[in-house]
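# Summary of the model geometry
The primary structure of each chain is shown beneath.
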Amino acid sequence: MDIEVRASELDDKKADMLILDVRGEIAYRHGHLPGAVLQSGEISVVEMNDLLQEYGKRKVLFYCNVGEKSMELAGEMRNAGIEAYSLKGGFRAWLLEAPELLSAEEAERYSRQILLPEIGKSGQEKLKNAKVLVIGAGALGSAALTYLALAGVGTIGIADGDRLELSNMHRQILYKTDSIGRNKALLAKKRLEVMNPDVRIIMHDYFVTPDNIMECIQDYDFIVDGTDRIETKFLINDACVLLRKAFCHAGILRFEGQVMTWTRPEHACYRCVFEDVPEEYIPNCSEAGIVGAVAGVIGSVQALEAIKYITGTGELLVGKIFTFDALTMKSRIVPVSEKNKACKVCGTQPSIVDVRQAEELYRLRGCGNE
Ligand SMILES: [Zn+2]
């Protein structure tokens, strides 16, 4: 295939390509090709191979502003044996040539959602350009990931180091019984790619820790906390608040669930409300039990929060906690309008400025992961 790819040919060719934007961070933030990854600075052949492996792609397409720098890079990579391409005419040509962000097939796939005036075509395009990370591919994550992928969120990350167990199967709807023993992030990626081939799924097949969480979340626009450990929930809160990443917390136990979203430092965070991991031990689902459908409800609420955040639609659960009791079917919204001045991560004198240095706050007690 010719080293230069025209913007009009992209839709047919991009499926197995990693698209790298080499224009620089500011240009990237002002707009980029759907699914493109920012690559600022030099990139070696070794780094290129690592990137391809990370994204599970075999080919790479570079683009710059006018197609010169990208052509040079593609040439260098080809000399090193990598199947590389350059976007002819660069980003400018793409802007002029690519008539629509959504293909005809995508317009059809999402038509019932595009019909909604609150979402419409521009909302669908925002979803396509968005990057959402779901931490924990268990019961909450299964529901959230399913609806995010089906809704057309363009890039979805899945972080989970856990392996599928038989006792997960009554609530973790992404999986099949014959996959027991395998890593959930990998299984979820494969399943979601079948559900919606338009979506790019990035796998992080490890548990988040104070050491890796900042790197894990930094490229995403919105984080969904689908974990089941209270220590990890504090870690996700603190990392998101420090990096100013919008995120949605949820907790489920027995027949109950709660959801809270944070987007900006003006709002109370999870730690503002719950302060610290309690001294007395809090059981998780594997110890206290859970009804699968409750996780389905709450995980779906989390997907909705992400979709509303991305499309700028409706009211988010910021500064409030949504609670749901399946036994009585009562739901409530509890306002948390005030920030906690003594909050360790967002109060007036925060003691947590780096999660790695606050490691002991997140040390796991008990076992298991939702
Ligand atoms: Zn706080």
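Just so we're clear, the structure is a prediction, and the values are computed from it rather than from any experiment. (Residues numbered from 1 in each chain as written. Predicted model: local features only at pLDDT ≥ 70, side-chain atom pairs only at ≥ 80, totals over all residues.)

## Description of the overall build of the chain
Condition: Only DSSP runs of H or I reaching four residues or more are called helices, and only runs of E reaching two or more are called strands; each is numbered from the N terminus. Each radius of gyration reported is based on C-alpha atoms, and the globular scaling rule is 2.2 Å times the count of residues to the power 0.38. Any residue with 12 or fewer other C-beta atoms within 10 Å of its own C-beta is exposed, any with 20 or more is buried, and the rest are partly exposed; the C-beta atoms used are placed from the backbone. We call two residues in contact whenever the C-beta atoms placed from their backbones are within 7 Å.
Scanning the chain for helices and strands turns up 15 helices and 13 strands. For the chain, the C-alpha radius of gyration of 21 Å lies close to 21 Å, the compact-globule estimate for 370 residues. By principal-axis analysis of the C-alpha atoms, the chain measures approximately 65 × 45 × 40 Å. With 370 residues in all, the chain has 44% of them scored as buried. A separation of at least 24 residues holds for 68% of the contacts in the chain among residues at least 6 apart in sequence.

## A look at the pairing of strand E8 (residues 200-204)
As a reminder, the rule being used: Pairing between strands requires that DSSP locate at least two bridges from one strand to the other. Looking down the strands as they point away from you, a crossover is right-handed if its path from the first strand over the helix to the second goes clockwise.
Within E8, four of the five residues are buried, which leaves the element mostly enclosed by the surrounding structure. Note: strand E7 (residues 155-159) against E8, five bridges, orientation parallel. Within E8, the position partnered with Ile156 by the bridge is Ile201. The β-α-β motif built from E7, the intervening helix H10 (residues 184-195) and the parallel element E8 has right-handed crossover chirality.

## So, the pairing of strand E13 (residues 330-335)
Among the six residues of E13, zero are classified as buried, and the element is accordingly described as predominantly exposed. Looking at chain direction, strand E12 (residues 320-325) and E13 are connected through six bridges and run antiparallel. What sits directly across from Phe324, in E13, is Ser331. The antiparallel hairpin formed by E12 and E13 contains four residues in its connecting segment, where Met329 sits at a positive phi of about 60 degrees.

## A short note on the nonpolar core
Applicable threshold: Each nonpolar core comprises buried Ala, Val, Leu, Ile, Met, Phe, Trp, Tyr and Cys residues, the members being joined through C-beta atoms within 7 Å.
Counting 75 residues, the largest nonpolar core has Val132, Leu145 and Ile156 as its most contacted members. A per-element tally of this core places helix H15 (residues 292-311) first, with ten residues. Setting aside its immediate chain neighbours within four residues, Ile156 contacts Val132, Val134, Leu145, Leu148, Ala149, Leu192, Val199 and Ile201. By size, the runner-up hydrophobic cluster in this structure holds 26 residues, among which are Leu10, Cys64, Leu87 and Trp94.

## Side note on the sheet that holds strand E5 (residues 83-87)
The condition that has to hold: Structural elements are reduced to axes, namely lines fitted to C-alpha atoms, with helices fitted over the stretch in contact, and the angle between N-to-C directions of any two is expressed from 0 to 180 degrees.
Pairing is parallel in the open sheet, where five strands are placed in the order E1-E5-E4-E2-E3. At either end of the open sheet lies a strand with only one pairing partner, and these are strand E1 (4-5) and strand E3 (37-38). Summarising the sheet, strand E2 (residues 17-21) and E3 pair through two bridges and their orientation is parallel. Bridging from a neighbouring strand, Asp21 pairs with Leu38 of E3. Across the sheet, helix H4 (residues 69-79) lies against strand E4 (59-63) and E5, angled at about 170 degrees from E5, the strand it touches most.

## Comments concerning the domain arrangement of the chain
For the record, the criterion: Note: domain ranges come from an automatic or database domain assignment.
Structurally, the chain comprises domain 1 (4-97) and domain 2 (130-362). Computed over C-alpha atoms only, the centres of domain 1 and domain 2 are separated by 32 Å.

## Description of helix H5 (residues 90-97)
To keep it simple, the criterion reads: Taking the helix axis as origin, the arc is that swept by the directions to the C-beta atoms.
What H5 keeps buried is the set Gly90, Phe91 and Trp94. Here the buried residues of H5 occupy an arc of 125 degrees about the axis, which is enough to place them on one side. Exposed and facing more than 90 degrees away from the buried side of H5 are Leu95 and Leu96. Those residues of H5 hidden inside the fold are in contact with E4, H4 and E5.

## What to know about the sheet that holds strand E6 (residues 131-135)
With mixed pairing, eight strands are arranged side by side in an open sheet as E8-E7-E6-E9-E10-E11-E12-E13. The open sheet has two free edges, formed respectively by E8 and E13, since each of these has just one partner strand. Direction aside, the axes of adjacent strands within the sheet are offset by 15 degrees on average. Sheet topology note: the E6/E7 ladder contains five bridges and is parallel. Residue pairing for E7: Lys131 is matched across the bridge by Thr155.

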